[in-house]
Amino acid sequence: MKTYIKINASDNVAVALAPLMKGTDIHVDGVSFSVKEDIMQGHKFALTDLNQGDAIIKYGNPIGYATSSVEAGEWIHTHNLKTGLGDLLTYSYHPAVSEVTPGESRSFLGYRRGGGKVGVRNEIWIIPTVGCVNNVATAIEKASQRFCRDNIDGIVAFTHPYGCSQMGEDQDNTRRILADLVNHPNAGGVLVLGLGCENSNIEELKKFIGDYDENRVRFLVSQECEDEIADGMDLVESLVDYASRFTREAIPAGELVIGMKCGGSDGLSGITANPTVGAFSDKLIAMGGSTILTEVPEMFGAEELLMNRCETEELFHKTVDLINDFKCYFKNHNQTIYENPSPGNKKGGISSLEDKSLGCTQKSGTAPVKGVLSYGEPLKEKGLNLLSAPGNDLVASTALAASGAHIVLFTTGRGTPFASPVPTVKIATNTTLATRKRNWIDFNCGVMVDGVTLDDLSDDLLEYVLSVASGKQTKSEEAGFHDMAIFKQGVTL
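For the structure given in this document, a descriptive report is provided here.

Cut-offs and rules
Residues numbered from 1 in each chain as written. Predicted model: local features only at pLDDT ≥ 70, side-chain atom pairs only at ≥ 80, totals over all residues. Heavy atoms only, no water. Pairing = 2+ DSSP bridges. Helix = DSSP H or I, 4+ residues; strand = E, 2+ residues; numbered from the N terminus. Right-handed = clockwise from strand over helix to strand, strands pointing away. Axes fitted to C-alpha atoms, helices over the stretch in contact; angles between N-to-C directions. Parallel < 35°, antiparallel > 145°, perpendicular 65-115°, else oblique. Left-handed = near helix turned anticlockwise from the far one by under 90°. Contact = heavy atoms within 4.5 Å. Nonpolar A, V, L, I, M, F, W, Y, C, P; charged D, E, K, R; others polar. Patch = residues over 30% accessible without salt bridge, like charges linked within 9 Å, V, L, I, M, F, W, Y side chains within 5 Å. Areas by Shrake-Rupley, 256 points an atom, 1.4 Å probe, with all protein chains shown as cover. Salt bridge = Lys/Arg side-chain N within 4 Å of Asp/Glu carboxyl O. Lys, Arg positive; Asp, Glu negative; His and termini not counted. Charge placed at Lys NZ, Arg CZ, Asp CG, Glu CD. Phe/Tyr/Trp six-rings, centres within 6.5 Å; stacked < 30°, edge-to-face > 60°. Lys NZ or Arg CZ within 6 Å of the ring centre and 35° of its normal. Core = buried A, V, L, I, M, F, W, Y, C linked by side-chain atoms within 4.5 Å. Buried < 20%, exposed > 50% of the residue type's maximum accessible area, 1.4 Å probe, protein only. Disulfide = S-S within 2.5 Å. Expected span 1.5 Å × (residues − 1).

**Side note on the pairing of strand β15 (residues 217–221)**
Summarising the sheet, strand β14 (residues 187–194) and β15 pair through five bridges and their orientation is parallel. Bridge pairing in β15 links Val190 to Val217. Chirality of the crossover, the property in question, places the unit of β14, helix α3 (residues 202–209) and β15 among those that are right-handed.

**Observations concerning the packing of helix α1 (residues 134–143) against helix α4 (residues 228–243)**
In the contact formed by α1 and α4, the axes pass within 9 Å of each other and the chain directions differ by 50°. In terms of axis orientation, α1 runs oblique to α4. The two elements α1 and α4 meet at a crossing, and its hand is right-handed. Here α1 contributes Val136, Ala139, Ile140 and Ala143 to the contact with α4, which in turn contributes Glu228, Ile229, Gly232, Met233 and Val236. Looking at the contact of α1 with α4 residue by residue, the class counts come to seven nonpolar, one polar and one charged.

**Considerations on the sheet that holds strand β20 (residues 384–387)**
The seven strands are arranged β19-β20-β18-β17-β21-β22-β23 in an open sheet whose pairing can be described as parallel. Pairing within the sheet leaves two strands with one partner each, and these edge strands are β19 (369–373) and β23 (443–444). Most of the contacts of helix α10 (residues 393–402) go to strand β17 (residues 257–262), to which it runs at about 165°, and overall it touches β17, β18 (290–293), β20 and β21 (407–412).

**Brief notes about unusual backbone geometry**
One non-glycine residue with positive phi stands out, namely Tyr59, at about 60°. When you line up the elements, Tyr59 lands in the loop between β6 (55–58) and β7 (61–66).

**Description of a negative patch on the surface**
On the surface, Glu226, Asp227, Asp231, Asp234 and Glu237 cluster together to form a negatively charged patch. Position of Glu237 among the secondary structure elements: in helix α4.

**Structural notes on the packing of helix α2 (residues 168–182) against α3**
Two packed helices can be described by the angle between their axes and the distance between those axes. The contact between α2 and α3 brings their axes to 9 Å, and the two run at 70°. When the interaxial angle is binned, α2 and α3 end up roughly perpendicular. For the element pair α2 and α3, the recorded crossing hand is right-handed. Contacts between α2 and α3 pair Asp172, Arg175, Arg176, Leu178, Ala179 and Val182 from the former with Glu204, Leu205, Phe208 and Ile209 from the latter. Grouping the constituent residues of the contact of α2 with α3 by class yields six nonpolar, no polar and four charged.

**As for the packing of aromatic side chains**
For the structure on display, the rule yields 14 aromatic pairs. Aromatic pair Tyr212 and Phe219: ring centres 5.3 Å apart, planes at 75°, arrangement edge-to-face. Put simply, the rings of Phe300, Phe326, Tyr329, Phe330, Tyr375 and Phe487 pair up and form one aromatic cluster. Between Arg113 and the ring centre of Phe246, over which it is positioned, the NZ or CZ distance is 4.5 Å. Over the ring of Phe219 we find Lys206; its NZ or CZ atom is 4.6 Å from the centre of that ring.

**Here's the deal with the sheet that holds strand β10 (residues 107–112)**
Strands sit in the order β11-β10-β16 across an open sheet of three strands; the sheet is antiparallel. Edge positions in the sheet fall to β11 (118–119) and β16 (249–252), since each of these pairs with one other strand and no more. Relative to β16, β10 runs antiparallel, the two being bridged by four bridges. Each bridged residue has a counterpart across the sheet, and for Leu109 the counterpart in β16 is Ala250.

**A few points about the nonpolar core**
In summary, soluble globular proteins display a tendency toward joint burial of nonpolar side chains. Ile407, Leu409 and Ile427 are the most contacted members of the largest nonpolar core, which totals 87 residues. At eight residues, the largest contribution of residues to this core is made by helix α12 (residues 454–469). Residue contacts for Ile407: discarding those within four places in its chain leaves Val120, Val257, Ile258, Gly259, Val422, Pro423, Val425, Val465, Val468 and Ala469. One finds Phe147, Ile152, Leu195 and Leu220 within the second-largest nonpolar core, a separate group that totals 22 residues.

**Remarks on the pattern of salt bridges**
Applying the stated rule across the entire model yields 23 salt bridges. One salt bridge in this structure joins Asp355 and Lys58, with 2.9 Å as the shortest N-O distance. Here Lys58 lies in strand β6 and Asp355 lies in helix α9 (residues 353–360), a separation of 297 residues in the sequence. The buried category is assigned to Lys58, whose relative accessible area is 1%. Residues Glu303 and Lys327 are paired through a salt bridge, measuring 3.7 Å at the closest nitrogen-oxygen approach. One end of the pair, Glu303, is in helix α6 (residues 303–307); the other, Lys327, is in helix α7 (residues 313–332), and 24 residues separate them in sequence. You can call Lys327 buried: its relative accessible area is 1%. Connected through salt bridges with shared partners, the residues Asp172, Arg175, Glu204 and Lys207 form a single ionic network.

**Describing the state of the cysteines**
For the structure on display, the rule yields zero disulfides. A disulfide-free cysteine, Cys445 has its sulfur positioned 13 Å from the sulfur of Cys262, the nearest such atom.

**Concerning α2**
With 15 residues, α2 should cover 21 Å at 1.5 Å per step; its first-to-last C-alpha distance of 21 Å lies within 8% of that length. Among the 15 residues that make up α2, 11 are buried, leaving the element largely enclosed by the rest of the structure. All of the buried residues along α2 are Asp170, Gln171, Asn173, Thr174, Arg175, Ile177, Leu178, Ala179, Asp180, Leu181 and Val182. The secondary structure elements touched by the buried residues of α2 are β12 (123–128), β14, α3, β15 and α10.

Listed below in structure tokens is the structure:
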């Protein structure tokens, strides 16, 4: 078993794959030395003597600068490394676009919908237009469980606190996300539940929904009912009758859209789980499928790698705007752009935002960037897409679902039980987490430390994703968890 790794030939640090005791002998590139102190799993140590101000290189790129002199074998972390990130930058396009070689044809068992869409679940969704009717939505959800049938995967209410007392773009963003969920093909039927006096009332929301099947989408205004729960149950029962007509059938894997997100990252995220998701992404795209990468603040420090993979200069400029617009969002709220990583990230071995971002973007694989999406914008181009959304787990995962992701792959080194509107696969970066939290973790990438190859593990992940697309429940689905969160950006009246 390997106990440490030098990720890139140009790196001047290595990462402990297992805890290293002080005095452990290290042999790298023909040089031998001993670690000067205990090094925790996921944490870095110097491979050579460094002076104050020297760049710390990991993944072949700077992750910060030494704040003091460091000897080979010494621990490198927040106590002796600082970020090198600044504010807004000027970028230039240096294309480094890899050609995608078509891969083997695979399929999953999904649901054919109207308009050429496909789904991986046949659920009934109850979507409130405003937080005022959240409890009504939950009551209808609970009372309607008796309508479930074998080919109905669930009846779920997605509550949220918004839909009124919002202004301008902030209010429109709420309407976009709700409309995206109404149109999502994982829902065989949708009840849109309104209050009646809210800003984002049903008639306003219909403008964002666009054309819809009246059998699939039903509307209820609570203020116009004598008993909104009873009326809501009647509508849910009719939606179940409609959705029950759908059955699973073989669908090419090239029609899948998979969201990619990480949270509670640790020092192994960029070594095990994120590269595995990246290799999976490349394989799915080679089959004609699509993936979406988000959490823009965790691209800071690695953004040029993504920019240079843009297929066209127009996409390059969209990616520049994606990055700089989010930096301006931070600055407009008087916040530091590099106020990241989190305490949990640091405990797991991540020392700077560059360190976190270079590991995070491993999930994108090597395929060219084919599309850049604004928040709430549905996917249009097949292949790898970048999506504007923050790093927050619930908000970003909801944004991925709203843009069309059938499934979200969520890598984590710390663990989390949350869900999203679509099946959310929790992928552990280390075996300790996967073993301890079997009720949270769906897939373990920690086995890479034991010698499982990236190619084999990404093949295993592909098989797992196809099984989830065909109906296998994730751990959060087994627990009955369904979450959603909207990105609040404006004034509350």
